[in-house]
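What follows is each chain in one-letter form.
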Amino acid sequence: MYTAHPGRYADMPYRRTGRSGLKLPALSLGLWHNFGPDRPVETQRAILRRAFDLGVTHFDLANNYGPPPGSAESALGEALKADFAPYRDELVVSTKAGYLMWPGPYGEWGSRKYLLSSLDQSLSRMGLEYVDIFYSHRPDPDTPLEETMGALHTAVQQGKALYVGVSNYSPEQTREAARILAGLGTPLLIHQPRYSMLDRRPETSGLLDALDELETGSIAYSPLEQGLLTGRYLDGIPEDSRAASDSPFLDSEAVTGELVGRLRALNDIAGSRGQSLAQMALAWVLREGRVTSALVGASSPQQLEDSVAAVRNLDFGADELARIDEIVRQ
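Enquirer: When you look at the overall build of the chain in this model, what are you seeing that I'm missing?
Expert: Per the secondary structure count, the chain includes 11 helices and 10 strands. By principal-axis analysis of the C-alpha atoms, the chain measures approximately 50 × 50 × 40 Å. Intrachain contacts of the chain at a sequence separation of at least 6 include 75% that bridge at least 24 residues. Between the averaged position of the 32 positive side-chain charges in the chain and that of its 43 negative side-chain charges there is a distance of 3 Å.

Written out as structure tokens, the structure is:
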């Protein structure tokens, strides 16, 4: 029988999400990879237990996470029942809907029919009465934004979600989504963009500025750029790495000699800070407090521990930031 560590809240910083009352841990656990039938169940549960023991109270999912789609939610549902039932009120569980989940015209995108059906399925897989955050995973070019946001509002009204968010929305779409939701009486809690030292689009597009104006929180996914910023590629492409596989998320052709040189230079800065490259990359995303939380994945409890250690040093000097920018922009 799992018993949570009594000191689990001692070291993890918690940040208020926008202007809401909800605080998220600086690091949240994403179940995008490593949670499905191709991974040992005990390893999955060990990661979840270790996360909670380290103060990682937020587990982030989507309906299509796996593979196969839905299996990550099912895996979490089993862990919630076996280990976390006494701790449900200490957890923030989020899920999303937007990408392909089942065949036919109602199995993806942002219609009211798809979003609310998907949420019901997600709750069933996880064995929950509600999720803490329900996201529109991507904007739908063919469905009015009023319908998509109306479905999120309905989920809150039905008691199936406490808060709502969006992911992969542009600054303009985010502003309009927030306006529609505000008119309905359900605030836009959070945006989940892709953001890392190597992917600055939330900065260059003005998304972070829009979120500041809206007083909306943010949680960055892929802060380690699909593993490029973990240090695994400092000497090229390992045979067992994501880039060496048939992963659609990281192409081996992207790991050029020039990129490896930049990764090594970034690793030197991390070493001078007493951090691994992965820890510095996470700290960089969390710098200055503009991002509420960063999502990390883990294939083992040890890997998770290494990531969580990033919170010990989230401060950067101006010279460090300038050098990082210089390296990334080479």
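Moving on from the coordinates now.
Enquirer: So what exactly am I meant to see when it comes to unusual backbone geometry here?
Expert: For residues that are not glycine, phi is negative in most cases, and the peptide bond is trans in most cases. For the bond from Gly 66 to Pro 67, the omega torsion is 0 degrees, close enough to zero to count as cis. Along the chain, Pro 67 falls in the loop between strand S4 (58–60) and helix H2 (71–84). Here Pro 67 and Pro 68 are connected by a cis peptide whose omega angle stands at -10 degrees. Structurally, the position occupied by Pro 68 is in the loop between S4 and H2. In this model, Asn 168 sits at a positive phi of 65 degrees, which is unusual for a non-glycine residue. Take Asn 168: it is sitting in the loop between strand S7 (161–167) and helix H5 (171–184). The exposure class of Asn 168 is partly exposed, given its relative accessible area of 28%.

Enquirer: Can you walk me through the packing of helix H8 (residues 257–272) against helix H11 (residues 318–328) in this structure?
Expert: When two helices pack together, their arrangement is given by the angle between the helix axes and the distance between those axes. Interaxial distance between H8 and H11 falls to 9 Å at its minimum, and their mutual angle equals 170 degrees. It follows from the interaxial angle that H8 and H11 lie roughly antiparallel. Facing H8, whose interface residues are Arg 262, Ala 265, Leu 266 and Ile 269, H11 presents Arg 323, Ile 324, Ile 327 and Val 328. Taken together, the residues of the contact of H8 with H11 sort by class into six nonpolar, no polar and two charged.

Enquirer: Could you clarify how one ought to interpret the packing of aromatic side chains in this entry?
Expert: Geometrically, a pair of aromatic rings is defined through the distance of the ring centres and the angle of the planes. Enumeration according to the criterion identifies 10 aromatic pairs in this entry. Taken together, a centroid distance of 6.0 Å and an interplanar angle of 65 degrees make the contact between Tyr 2 and Tyr 87 edge-to-face. With Tyr 2 in the segment before strand S1 (14–16) and Tyr 87 in the loop between H2 and strand S5 (92–97), the pair connects residues that are 85 residues apart, well separated along the chain. When sorted by exposure, Tyr 2 lands in the same class as Tyr 87, which is buried. Aromatic side chains Phe 52 and Phe 84 sit 5.7 Å apart centroid to centroid with 85 degrees between the ring planes, which places their arrangement in the edge-to-face category. Taken together, the residues span a long stretch of sequence, with Phe 52 in helix H1 (residues 41–53) and Phe 84 in helix H2 at a distance of 32 residues.

Enquirer: Would you explain the side chain of Asp 140 in this entry?
Expert: Mapped onto the secondary structure, Asp 140 falls in the loop between strand S6 (131–136) and helix H4 (145–157). Of the side chains with opposite charge, Arg 138 comes closest to the buried, unpaired Asp 140, at an N-O distance of 7.6 Å. Of the polar contacts made by the side chain of Asp 140, one reaches the backbone nitrogen of Asp 142; its length is 2.8 Å. A distance of 2.6 Å separates a polar atom in the side chain of Asp 140 from a polar atom in the side chain of Thr 143. Among all residues touching Asp 140, those that are not within four sequence positions of it are Trp 109, Gly 110 and Ser 111.

Enquirer: Is there a simple way to think about H2 in this case?
Expert: Residues spaced three or four apart along an α-helix face the same direction, because each turn holds 3.6 residues. Over its 14 residues, H2 runs 18 Å from end to end, which matches the ideal 20 Å to within 8%, given 1.5 Å per residue. With 10 of 14 residues buried, H2 lies mostly within the body of the structure. Every buried residue of H2 is listed here: Ser 71, Ala 72, Glu 73, Ala 75, Leu 76, Gly 77, Ala 79, Leu 80, Asp 83 and Phe 84. Where the residues of H2 are buried, they touch H1, S4, S5 and helix H3 (112–126).

Enquirer: Could you clarify how one ought to interpret the sheet that holds S7 in this entry?
Expert: Sheet strands line up and pair through hydrogen bonds in the backbone, either parallel or antiparallel. Strand order in this closed barrel of eight strands is S3-S4-S5-S6-S7-S8-S9-S10, and the pairing throughout is parallel. Direction aside, neighbouring strands of the sheet carry axes that sit 30 degrees apart on average.

Enquirer: When you look at the pattern of salt bridges in this model, what are you seeing that I'm missing?
Expert: As a working rule, side chains carrying opposite charge can pair if their charged atoms are close by. Per the stated rule, a full pass over the model turns up 26 salt bridges. For Asp 60, the salt bridge is made with Lys 96, and the minimal N-O distance between the two is 2.7 Å. Of this pair, Asp 60 sits in strand S4 while Lys 96 is found in strand S5, placing the two residues 36 residues apart along the sequence. In this pair, the class of Asp 60 matches that of Lys 96, namely buried. Here the salt bridges share partners, and the residues they tie into one network are Glu 42, Arg 45, Arg 49 and Asp 83.

Enquirer: Mind showing me how you'd approach the pairing of strand S9 (residues 217–220) here?
Expert: Consecutive residues of a regular strand have side chains that alternate between opposite faces of the sheet. Here S9 shows two buried faces, one formed by Gly 217 and Ile 219 and the other by Ser 218 and Ala 220. Across two bridges, strand S8 (residues 188–192) lies against S9 in parallel orientation. Pairing of Ile 190 across the sheet is with Gly 217, part of S9.

Enquirer: Just checking my understanding: could you explain the side chain of His 191 for this structure?
Expert: Locating His 191 in the fold gives a position in strand S8. In this structure His 191 comes out as buried when scored by relative accessible area, which is 1%. Of the polar contacts made by the side chain of His 191, one reaches the side chain of Thr 174; its length is 3.5 Å. Leaving out residues up to four positions away in the same chain, His 191 has contacts with Val 166, Ser 167, Asn 168, Tyr 169, Thr 174, Leu 207, Leu 211, Thr 216, Gly 217, Ser 218 and Ile 219.

The rules behind each value
Residues numbered from 1 in each chain as written. Predicted model: local features only at pLDDT ≥ 70, side-chain atom pairs only at ≥ 80, totals over all residues. Heavy atoms only, no water. Helix = DSSP H or I, 4+ residues; strand = E, 2+ residues; numbered from the N terminus. Contact = heavy atoms within 4.5 Å. Lys, Arg positive; Asp, Glu negative; His and termini not counted. Charge placed at Lys NZ, Arg CZ, Asp CG, Glu CD. Buried < 20%, exposed > 50% of the residue type's maximum accessible area, 1.4 Å probe, protein only. Axes fitted to C-alpha atoms, helices over the stretch in contact; angles between N-to-C directions. Parallel < 35°, antiparallel > 145°, perpendicular 65-115°, else oblique. Nonpolar A, V, L, I, M, F, W, Y, C, P; charged D, E, K, R; others polar. Phe/Tyr/Trp six-rings, centres within 6.5 Å; stacked < 30°, edge-to-face > 60°. Salt bridge = Lys/Arg side-chain N within 4 Å of Asp/Glu carboxyl O. Polar contact = N/O pair within 3.5 Å; in protein donor to acceptor, adjacent residues only side chain to side chain. Expected span 1.5 Å × (residues − 1). Pairing = 2+ DSSP bridges.

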